[in-house]
Amino acid sequence: MTVVRAETNTAPMIAIDGGMTFTLNVGEVFSDPGALAFDNEDGDLSSIVITISDVDNTIAGNYQVEYRVT
């Protein structure tokens, strides 16, 4: 029998619902699609911190959404 230990101190994986990019038409309201986070040591991580730049839905452009978990 071989016993395999889960790798320790690995960075959590974050999966964003719907993918890495979002398309929002001018005039539509942005709604965060949500995300899930997981790591080998703690399993499901629910304390995701989401930082969204000021989205001006009247101006076309690129806006940043940041998901962080520890």
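All of the points below concern the structure found in this document.

Reading guide: rules and limits
- Residues numbered from 1 in each chain as written.
- Predicted model: local features only at pLDDT ≥ 70, side-chain atom pairs only at ≥ 80, totals over all residues.
- Heavy atoms only, no water.
- Helix = DSSP H or I, 4+ residues; strand = E, 2+ residues; numbered from the N terminus.
- Buried < 20%, exposed > 50% of the residue type's maximum accessible area, 1.4 Å probe, protein only.
- Contact = heavy atoms within 4.5 Å.
- Areas by Shrake-Rupley, 256 points an atom, 1.4 Å probe, with all protein chains shown as cover.
- Core = buried A, V, L, I, M, F, W, Y, C linked by side-chain atoms within 4.5 Å.
- Salt bridge = Lys/Arg side-chain N within 4 Å of Asp/Glu carboxyl O.
- Phe/Tyr/Trp six-rings, centres within 6.5 Å; stacked < 30°, edge-to-face > 60°.

## Quick word on the overall build of the protein
When helices and strands are tallied, the protein shows zero helices and five strands. Helices (α) and strands (β) of the protein occur, in sequence order from the N terminus, as β-β-β-β-β. Counting the 70 residues in the protein, one finds 14% classified as buried. For the protein, the share of sequence-separated contacts (at least 6 apart) that also reach a separation of at least 24 residues comes to 41%. Accessible area of the protein: about 5700 Å², with a carbon and sulfur share of 52%.

## Brief notes about the nonpolar core
Ranked by size, the top nonpolar core spans seven residues in total: I16, A35, A37, L45, I48, Y67 and V69. Beyond its immediate chain neighbours, meaning those up to four positions away, A35 contacts I14, A15, I16, D17, I48 and Y67.

## Some remarks on the pattern of salt bridges
What the rule picks out here adds up to one salt bridge. E66 serves as the salt-bridge partner of R68, at 3.0 Å between the closest nitrogen and oxygen. According to the relative accessible area criterion, R68 is partly exposed, its value standing at 45%.

## What to know about the packing of aromatic side chains
Where two aromatic rings form a pair, the distance of their centres and the angle of their planes describe that pair. According to the stated counting rule, one finds one aromatic pair in the structure shown. Measuring from centroid to centroid gives 6.0 Å for F22 and F30, while their planes differ by 80 degrees, and the two rings are edge-to-face. Taking relative accessible area as the criterion, F30 reaches 24% and is therefore assigned partly exposed.

## Thoughts on the environment of A60
By secondary structure assignment, the location of A60 is in the loop between strand 4 (49-52) and strand 5 (65-68). For the pair A60 and L24, spaced 36 residues apart in sequence, the C-alpha to C-alpha distance is 8.8 Å.

These figures come from the coordinates and say nothing about function on their own.
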